[in-house]
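These are the residues of each chain, in order.
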Amino acid sequence: MNRLEQANRILYDLGLLNELNKYGLPHLIGSAKMNLMAWNDLDIDVENDSMSLDKLYLLTNYILNTFNPTWYEAKEEINEQGNKVWFHGFEFYLDNELWNVDIWFLDKSTIEKAEKYCDDISVKISEKEQLRTAIIKIKQDLIKQNLYSFDKYTSMDVYDAVINKGITNIEDFIRIHKKTGVTL
């Protein structure tokens, strides 16, 4: 079973999408939406203008009871635009493989921007399988070297390097995309 099939088990068979529909309209985004999964990671944005701490607690209960996470975090915070947003993040094992799930409750325009970004990437690689392969391989190599994180290299760095700069391997990616504070 490939990563996307496993992601669908989480979304449909384990009922995560059905549960999220109780709180707003869920949107699959990120690498799962673009079929660029390099590891077991699922990102979901939920349109919701009426999220509350009470609903956050209800969803927390569902996640804890359904997934038995090894790590879990839920929080309410203010984003850069001054809007209140909610986050649920958790890790759990599915078929002896660790999965990370990030769920953000955001306003519709923020989600539309994220979806447009994903759609633009998908269009650019749609007829160029070598780009998809390069993106996944670079992401996997970064993961192996523990360089794939928000404070080192991100998916967006990889997409930009492959699509806009023609980078197709980890060596050129690191050389061209050298970041301060990242040591190899």
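A brief structural summary. (Residues numbered from 1 in each chain as written. Predicted model: local features only at pLDDT ≥ 70, side-chain atom pairs only at ≥ 80, totals over all residues. Heavy atoms only, no water.)

## Observations concerning the pairing of strand β3 (residues 71-78)
Next, step 1: Pairing analysis gives 8 bridges linking β3 to strand β4 (residues 84-94), with the strands arranged antiparallel. Within β4, the residue paired with alanine 74 across the bridge is histidine 88.
Next, step 2: Here β3 hands over to β4 after 5 residues, with glycine 82 in that stretch at a positive phi of 85°. (Pairing = 2+ DSSP bridges. Helix = DSSP H or I, 4+ residues; strand = E, 2+ residues; numbered from the N terminus.)

## Regarding the pattern of salt bridges
Side chains that carry opposite charge are capable of pairing whenever their charged atoms lie near each other.
Next, step 1: Enumeration according to the criterion identifies 11 salt bridges in this entry.
Next, step 2: With its nearest N and O atoms 3.7 Å apart, the salt bridge here joins glutamate 76 to lysine 84.
Next, step 3: For lysine 84, a relative accessible area of 46% gives the class partly exposed.
Next, step 4: For arginine 132, the salt bridge identified is with glutamate 129, shortest N-O distance 3.5 Å. Of this pair, arginine 132 and glutamate 129 both sit in helix α6 (residues 129-144), 3 residues apart, which is roughly one turn of that helix.
Next, step 5: In the salt-bridge network here, residues are joined through shared partners; they are Glu73, Lys75 and Glu77. (Salt bridge = Lys/Arg side-chain N within 4 Å of Asp/Glu carboxyl O. Buried < 20%, exposed > 50% of the residue type's maximum accessible area, 1.4 Å probe, protein only.)

## Brief notes about the nonpolar core
Next, step 1: One finds Leu16, Ile103 and Phe105 to be the most contacted residues of the largest nonpolar core, which totals 26 residues.
Next, step 2: Here the element with the most residues in this core is helix α4 (residues 53-67); it accounts for 5 residues.
Next, step 3: Not counting residues within four places of it along the chain, the set of residues in contact with phenylalanine 105 comprises Leu20, Tyr23, Val46, Asn48, Met51, Leu59, Val85, Trp86 and His88.
Next, step 4: Of all hydrophobic cores here, the second largest spans 24 residues; its members include Ile121, Ile138, Tyr148 and Tyr153. (Core = buried A, V, L, I, M, F, W, Y, C linked by side-chain atoms within 4.5 Å. Contact = heavy atoms within 4.5 Å.)

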